[in-house]
Amino acid sequence: MPKDGGIGASSKRREDIRFLTGEGNYTDDINLRGQAYVHFLRSDIAHGTIKSIDTAAAAGMPGVVRVFTGTDFEGVGTIPCGWQVTDRHGEVMQEPAHPILAQGKVRHVGEPVAAVVADSPEQARDAAEAIVLDIDELPAVVDMKDALKDGATKVHDDLNNNLCYDWGFVEENKDAVTKAFEDAAHVTSLELVNNRLVANPMEPRVAVGDYARGTDESTLYTTSQNPHVIRLLMGAFVLGIPEHKLRVVAPDVGGGFGTKIFHYQEEAFCTFAAKACNRPVKWTSSRSEAFISDAHGRDHVTKIELALDADNNFTALRTETHANMGAYLSTFAPSVPTWLHGTLMAGNYKTPLIYVNVKAVFTNTVPVDAYRGAGRPEATFQLERVVDKAARELGVDPIALRRQNFITEFPYATPVAVEYDTGDYHGTMDKLEEMGDFSGFAARRAESEKNGKLRGLGVNCYIEACGIAPSNLVGQLGARAGLYESATVRVNATGGLVVMTGSHSHGQGHETSFAQVVAEMIGIDENMIEIVHGDTANTPMGMGTYGSRSIAVGGSAMVRATEKIINKAKKIASHLLEASEADIELKDGAFSVAGTDKSVAWGDVTLAAYVPHNYPLEDIEPGLEETAFYDPSNFTYPSGAYACEVEVDPDTGKVTIERFAAADDFGNIINPMIVTGQVHGGIAQGIGQALLENCAYDDNGQLLSASYMDYAMPRADDLPMFSVDHSSQTPCTHNPLGVKGCGEAGAIGSPPAVVNAVVDALQSAGKDVTHVDMPLSPDRVWAAMNG
Amino acid sequence: MYNFDVVRPSRIADAVKELSDSTESQPLGGGQTLIPTLKQRLASPEKLVSVAGIDEMQGVCKGDDGSVCIGGATTHATVAAEAGNYPALAATASHIGDPAVRNRGTIGGSLANNDPSACYPAAALASGATIKTNTREIAADDYFQGMFTTALDEGEIITEVRFPVPEKANYQKFVQPASRFALVGVFVAKYADGVRVAITGASNDGVFRWTEAEAALSSNFSADAIDGLSLSGDDMISDLHGTGDYRAHLCGVMTKRAVAAAV
Ligand SMILES: Cc1cc2nc3c(=O)[nH]c(=O)nc-3n(C[C@H](O)[C@H](O)[C@H](O)COP(=O)(O)OP(=O)(O)OC[C@H]3O[C@@H](n4cnc5c(N)ncnc54)[C@H](O)[C@@H]3O)c2cc1C
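Note that the structure is predicted; figures quoted are calculated from it, not measured. (Residues numbered from 1 in each chain as written. Chains lettered and ligands numbered in written order. Predicted model: local features only at pLDDT ≥ 70, side-chain atom pairs only at ≥ 80, totals over all residues. Heavy atoms only, no water.)

**Quick notes on empty space enclosed by the protein**
With the rule as written, the count across this model stands at seven cavities of 30 Å³ or more. Approximately 130 Å³ is the volume found for the largest cavity. Lining the largest cavity are 19 residues; nearest its centre among them are His98, Tyr264, Gln265, Ser293 and Pro367 of chain A. Counted as a void, the second largest cavity has a volume near 90 Å³. Contributing to the lining of the second largest cavity are Leu691, Leu692, Asn694, Asp710, Ala712, Pro775, Ser777, Asp779 and Arg780 of chain A together with Pro177, Leu240 and His241 of chain B. Looking at the lining of the second largest cavity, the elements that each hand over two or more residues are helix 17 (672-692) and helix 19 (778-785) of chain A. Tallied by class, the residues present in the lining of the second largest cavity amount to six nonpolar, three polar and three charged. (1 Å grid on protein atoms, 1.4 Å probe; cavity = no way out; pocket = protein on both sides within 12 Å on 5 of 7 lines; lining within 4 Å. Points joined across faces, edges and corners; volume = space filled by probe spheres on them. Helix = DSSP H or I, 4+ residues; strand = E, 2+ residues; numbered from the N terminus. Nonpolar A, V, L, I, M, F, W, Y, C, P; charged D, E, K, R; others polar.)

**Topic: the interface of chain A and chain B**
Contact residues are listed per partner, giving 25 residues for chain A and 22 residues for chain B. Where Glu129 of chain A meets Arg41 of chain B, a salt bridge forms, and the shortest distance between an N and an O atom there is 3.1 Å. Summed over the shared surface of chain A and chain B, the result is 17 residue pairs in polar contact (both at pLDDT 80 or more). At the level of elements, helix 3 (121-129) and helix 19 of chain A are the ones that each hand at least two residues to the side of chain A that touches chain B. Broken down by element, the side of chain A that touches chain B gets its largest block of residues, four residues, from helix 3 of chain A. Among the residues forming the side of chain A that touches chain B, the class breakdown is nine nonpolar, four polar and twelve charged. (Contact = heavy atoms within 4.5 Å. Salt bridge = Lys/Arg side-chain N within 4 Å of Asp/Glu carboxyl O. Polar contact = N/O pair within 3.5 Å; in protein donor to acceptor, adjacent residues only side chain to side chain.)

**Quick word on the packing of aromatic side chains**
All names here are of chain A. What the rule picks out here adds up to 32 aromatic pairs over all chains. Centroid distance Trp167 to Phe169: 4.8 Å. Interplanar angle 20°. Geometry classified as stacked. Each member of the pair, Trp167 together with Phe169, is buried. In this structure an aromatic cluster arises from ring pairing among Phe40, Phe68, Phe73, Phe269, Phe272 and Trp283. Looking at Arg205, its charged tip hangs above the ring of Tyr264, at a distance of 3.5 Å from the centre. (Phe/Tyr/Trp six-rings, centres within 6.5 Å; stacked < 30°, edge-to-face > 60°. Buried < 20%, exposed > 50% of the residue type's maximum accessible area, 1.4 Å probe, protein only. Lys NZ or Arg CZ within 6 Å of the ring centre and 35° of its normal.)

**A word on the packing of helix 17 of chain A against helix 18 (residues 745-764) of chain A**
Residues and elements named next belong to chain A. Two elements in contact, helix 17 and helix 18, have axes whose closest approach is 7 Å; the angle formed by their N-to-C orientations is 40°. The pairing of helix 17 with helix 18 is recorded here as oblique in orientation. By crossing handedness, the relation of helix 17 to helix 18 is classed as right-handed. Between helix 17 and helix 18, the contacting residues are Val679, Gly682, Ile683, Gly686, Ile687, Gln689, Ala690 and Leu691 on the first element and Gly746, Ala747, Ser750, Pro751 and Val754 on the second. In terms of residue class, the contact of helix 17 with helix 18 is built from eight nonpolar, five polar and no charged. (Axes fitted to C-alpha atoms, helices over the stretch in contact; angles between N-to-C directions. Parallel < 35°, antiparallel > 145°, perpendicular 65-115°, else oblique. Left-handed = near helix turned anticlockwise from the far one by under 90°.)

**Quick look at the domain arrangement of chain A**
Residue and element names in this part refer to chain A. Taken domain by domain, chain A consists of domain 1 (27-138 + 200-293), domain 2 (373-468 + 636-785) and domain 3 (484-630). The centre of domain 2, based on its C-alpha atoms, is set 40 Å off from the matching centre of domain 3. In this complex, domain 2 contributes 19 residues to the contact, which on the side of domain 3 involves 18 residues. Summed over both partners, the interface of domain 2 with domain 3 buries about 1300 Å², with 63% contributed by carbon and sulfur atoms. Of all residues in domain 2, Ile670, Pro736 and Leu737 give up the largest surface area on contact with domain 3, accounting jointly for 37% of the area buried on that side. Joining domain 2 to domain 3, the criterion identifies zero salt bridges. At the junction of domain 2 with domain 3, the criterion picks out seven residue pairs in polar contact (both at pLDDT 80 or more). For the side of domain 2 that touches domain 3, the class distribution of residues is seven nonpolar, eight polar and four charged. (Domains from an automatic or database assignment. Buried area = accessible area lost by both parts, 1.4 Å probe.)

**Here's the deal with the site of the ligand**
Residues and elements named next belong to chain B. Taken together, the neighbourhood of the ligand is formed by 28 residues, with Pro27, Gly30, Gly31, Leu34 and Thr106 sitting nearest. With respect to the ligand, the backbone of Gly31 contributes an N or O atom lying 2.7 Å from an oxygen atom. Arg180 is positioned such that a nitrogen or oxygen atom in its backbone is 3.2 Å from an oxygen atom of the ligand. Considering the ligand on its own, with 960 Å² of exposed area, one finds that the protein chains cover 90% of that surface. For the shell around the ligand, the secondary structure elements donating two or more residues are strand 2 (25-28) and helix 6 (107-113). The biggest single contributor to the shell around the ligand is helix 6, with four residues. (Near = heavy atom within 4 Å. Areas by Shrake-Rupley, 256 points an atom, 1.4 Å probe, with all protein chains shown as cover.)

**Let's talk about the sheet that holds strand 19 (residues 485-491) of chain A**
All names here are of chain A. Ordered in space as 21-20-19-25, the four strands form an open sheet in which the pairing is mixed. Strands with a single pairing partner mark the edges of an open sheet, and in this sheet they are strand 21 (529-532) and strand 25 (625-630). When the angles between neighbouring strand axes are averaged without regard to direction, this sheet yields 15°. Here five bridges tie strand 19 to strand 20 (residues 497-501), and the two strands are oriented antiparallel to one another. Within the sheet, the bridge partner assigned to Ala487 lies in strand 20 and is Thr501. (Pairing = 2+ DSSP bridges.)

**Points about helix 19 of chain A**
When we look at burial in helix 19 of chain A, the residues that qualify are Pro778, Asp779, Val781, Trp782 and Met785 of chain A. What you see down the axis of helix 19 of chain A is that its buried residues fit within an arc of 165°, all on one side. (Arc of directions from axis to C-beta.)

Dropping the structure here:
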């Protein structure tokens, strides 16, 4: 019987009512009295020296409040990077300054060079066109391998070269890995590209800066996944505003997918300019601007090698990746190809020796940072592709080869520094075989062939690491932030609750699922609980939402705070019931004395807390409000097995996805419907990456796919009905809910399934194709077939 | 966008007059191409002369010679719904863009724009259509003059397009994955006096007729008839979505499919 409330119920998303009826409050809906608008003049040259910026004409244009250039920001901080990676030689990464407006040089198409604040957006834009910009064009650095050659043009003149860092992991294993390869019975190697992507959330970025002269307080409204992080980074490192004088509000946010984690120049600009102009300053990104200013994702070029013994056991894995950082280090960019990627290279397999080398490279392109999955899709893709290739080379069943090498005993310490607490990889694979109807595949393939189509089946596994933690460990790894989460639970006198969480919801449905958890713990209706997030003025310091961390870390903080509430409420109840606290039980919203019929309702206890007439004032304070900070002891490790069936039109190379099945293990599930939705969205994005999305630059550093005319987003008719299951559940052992996180799984698990399926289809037609780089657009597949 | 004025005349003559008043004026059809161009500030007309309110330019009717006549301001959605006498043409219109685009975009706007990847140019050229303007009638063979280039003079308005109805026809559109315009689109039309094959999306010179295929199909209207024929990819569009050679290959594939599907 499906539950109708609490943990495990598919409660309808309460936030959808306002989103679907146009009642959402997005940043662009915020308009302040006397607000001015900023238009950024962005470089249309990828690399060049700024000779002069003549703003005289612009400054005199109608409605112009003020024109800013880089010189206005001398003495102001630069955009900080939140993670410092130490390389394999013990050196810290090269970290260039990242100015709010370009200083001296432009380094990518889209970099803001000047900004016009005016009474209307049109006037700001008109004036920006009147700015005369003289830039001496320099050769653009686009290809990562060229960027590392001796004598290559430098993106940053003050750095030694274009190498941000050369990271080795685990460096001590390097020689042992080399030896294992020498001893291997079989080695499979593969070179591949993990294609650069543009996140494209439905809502483009927006920032509104406001300044109150009377109180010297600044407020920034922004499209962010983590307002407290922005407050800390911008306040402390860029503008020098103490946190008690700075409020950051991220109201309803229309999708983030990672790209709204980071602190951007436009946020700092609007906050700064609001004070400088003494007027609120608003910026709303156009879609065209988003393509050249939102941090991009992925962009890895990798060589991976897998060593096997004579019995097909994996004995060692070795990878070499070039990871594109773009022109500047975005907030978490350095962590993505390293700690979020290298630590996942064991995947679901007991490969005993692993060595990962990553060279992070500066280029004259938009900065690259975390995008749904962040490092884990890159790890999964290469691993699951090379395992598939090995199976084909060895002539063994790809599923059997995987099963043979599965990790089966938990906890399991991988050779890449992490310890998986739980998992059941055979369990999800069993489920997948059932859902995917693999035994019917041969008949389906025959049917496709009758219609002149090739059919392929691709399978893969994945492992994810969510809720990166604990803070003291990530600090050692170079994080310049903690990775705990917080919650304040405020119970009102009449029994309703407000949970103020440091997590942020921008599509994930926290307002619904978080309420379900508290409802379950107390035994009251979900509608008695309100979830508040997104405003530093009314939530405790939190780290926000990314990396599938919210229920595992934010949910845990909320559980801890609610436990404190319940403990205190029990004390009050024991007083009211004149019974020993140890005998008080909470069930279905009432406190009772064990073994008796004496009870007091939740609402009576909460009322007593705030109207403490009959109350143990000598023992406990009035009121019912508690805060908890939760710092996990480990990551959580969701896992799963995915299958994709494709048809390929041999005449055109067009791939269509015919079936897609996902068997996930997310541990315990709070709201199955929301989880299914998260998996659907993730798969759609993964298929988008695999088949459609291609963020491409030309040799001059011009973005070729700079609009939806050339950048293909997945649409409903590109996708089949998904078959999704999350009944395999091995609960996390170290958080109170036993939850693991589900936000990124779909995007992590799906690309290799698609590519494996296409390779299977092409090989079924006798084509000697072992790999095709994503996106598998028709022209690429056709070219691969006609080699 | 820069500022501009909009006028909405109700007669062709008034529209022509509005357009001749100033050289900085431009006709506005459905705005599906022009408005995005203005938003990007890539054009700055002083005045837009909307033809949407001109009744004489609306709708689908049947000419005395049996041809299908479409008013220059008729939307793609209307053609899709009402050009049943020419099923391949109605089908072509029904696959242009999305519902929003079809409910506003017009045949006159599409042909005037002559995007190298647009669908109507292939239909008009393969059908040997006649493009009627406020001053003259232009045969499709003379009308298309390369990417975004046509025989239209400044201020000239497409008032009607007349399509002779073929015995059989079909349009095969292989979509570019992002824009869903034609990466290659082939319109094949079989008339009593021969077959015409027009290809869009492929060539650097815009829509063109594949005369070798026309000759082969005129003597044998079957997909096999074009076996062995091929186009060179050298002058074809080469971009993110496909090389010239790939497009040349698709021309053959889509032509065969159009022949096989022609009704
Ligand atoms: C998302 C999207 C998808 C699309 N997909 C396709 C597709 O798959 N296939 C396809 O073929 N097209 C596609 N289009 C283009 C669409 O068909 C446009 O409607 C068409 O190209 C222009 O028609 P319009 O009426 O909107 O013209 P407008 O945008 O109003 O005008 C275009 C040009 O024609 C001129 N003009 C307009 N009407 C006349 C007239 N009667 N006489 C003379 N000049 C005139 C204008 O001055 C302007 O220069 C798409 C457009 C969009 C936005």
